[in-house]
Amino acid sequence: AVPRTRILATGGASHNKKILQVLSDVFNAPVFTIDTANSACLGSAYRAIHGLVAERNVSLADAVKLAPEPRLAVTPTPGAEEV
């Protein structure tokens, strides 16, 4: 089975529920957010952690599994995909 699509929104627009709802409706997928001021820095930090443990054959997913889980912000409006 193919996992369902989910969107992870970061940055300034991720604080605007109306924008997140449009994304959710257009892509017919739930939108999640994380509490971080700078998602590019966060991604770089995750890759740095992965680089530190890479020689022990640790996957990126395993290297960041203790990171905070994204929070569900919005879900698609029923019937929006038909519009």
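The rules we used
- Counting starts from 1 at the beginning of each chain's written sequence and moves along it residue by residue.
- Whole-chain, interface and lining totals are the exception, using all residues; otherwise, since this is a predicted model, local features are given only for residues with pLDDT of at least 70 and side-chain atom pairs are given and counted only at 80 or more.
- In computing side-chain properties, one takes all heavy atoms of the structure into account and sets aside hydrogens as well as water.
- At least two DSSP bridges between two strands are required for those strands to pair.
- By the criteria applied, helices consist of DSSP H or I runs no shorter than four residues and strands consist of E runs no shorter than two, each listed in order from the N terminus.
- Working convention: axes come from line fits to C-alpha atoms, limited for helices to the stretch in contact. Angles between N-to-C directions cover 0 to 180 degrees.
- Contacts are assigned to residue pairs that have any heavy atoms within 4.5 Å of one another.
- Each residue is assigned to one of three classes by its accessible area relative to the maximum for its type, calculated with a 1.4 Å probe on protein chains only: buried under 20%, partly exposed between the two thresholds, exposed over 50%.
- The arc in question is traced by the directions running from the helix axis to the C-beta atoms.
- Any pair of nitrogen or oxygen atoms within 3.5 Å is treated as a polar contact; in protein, a donor-acceptor pairing is required on top of that, and neighbouring residues in sequence qualify only through side-chain atoms on both sides.
- Put simply, a salt bridge is a Lys or Arg side-chain nitrogen that is within 4 Å of an Asp or Glu carboxyl oxygen.

Undergrad: Mind showing me how you'd approach the sheet that holds strand S2 (residues 31-33) here?
TA: Hydrogen bonds between backbone atoms are what pair the strands of a sheet, whose relative direction is either parallel or antiparallel. Spatially, three strands are ordered S1-S2-S3 in an open sheet, and the strand pairing comes out mixed. Looking at strand neighbours, the two that pair on one side only are strand S1 (7-9) and strand S3 (71-74), the edges of this open sheet. Each strand axis lies, on average, 45 degrees off the axis of its neighbour in the sheet, ignoring direction. Helix-sheet contacts for helix H1 (residues 17-27) involve S1, S2 and S3, and the interaxial angle to S3 is about 85 degrees.

Undergrad: Quick question: what am I supposed to make of the environment of Ile-7 here?
TA: Position of Ile-7 among the secondary structure elements: in strand S1. Note on Ile-7: relative accessible area 17%, which makes it buried. For the pair Ile-7 and Asn-28, spaced 21 residues apart in sequence, the C-alpha to C-alpha distance is 9.8 Å. In this structure Ile-7 touches Leu-23, Phe-27, Ala-29, Pro-30, Val-31 and Phe-32, once residues within four positions along its chain are discounted.

Undergrad: Explanation requested: H1 in the structure shown.
TA: Each full turn of the α-helix corresponds to 3.6 residues, which orients residues three or four apart in the same direction. Of the residues making up H1, those classed as buried are Leu-20, Ser-24 and Asp-25. End-on, the buried residues of H1 take up no more than an arc of 135 degrees, which puts them together on one face. Opposite the buried face of H1, by more than 90 degrees, sit the exposed residues Lys-18, Val-22, Val-26 and Phe-27. For H1, the elements touching its buried residues are S1, S2 and S3. One side-chain oxygen of the residue at the start of H1 lies 2.9 Å from the amide nitrogen of Lys-18, identifying that residue as Asn-16. Downstream of H1 by a residue or two, Asn-28 has a phi angle that is positive, lying close to 50 degrees.

Undergrad: Would you take a moment to explain the side chain of Ser-24 for this structure?
TA: Looking at where Ser-24 falls in the secondary structure, it is placed in helix H1. At a separation of 2.7 Å, a polar atom in the side chain of Ser-24 contacts the main-chain carbonyl oxygen of Ala-29. Once residues lying within four places of it in the same chain are set aside, the contact partners of Ser-24 are Ala-29, Pro-30, Val-31, Val-74, Thr-75 and Pro-76.

Undergrad: Whenever I open this one, the pattern of salt bridges confuses me. Can you help?
TA: Any two side chains of opposite charge can pair, on the condition that their charged atoms come close. On inspection of all chains with the given rule, the structure shows one salt bridge. For Lys-65, the salt bridge identified is with Asp-62, shortest N-O distance 3.8 Å. With a relative accessible area of 42%, Asp-62 lands in the partly exposed category.

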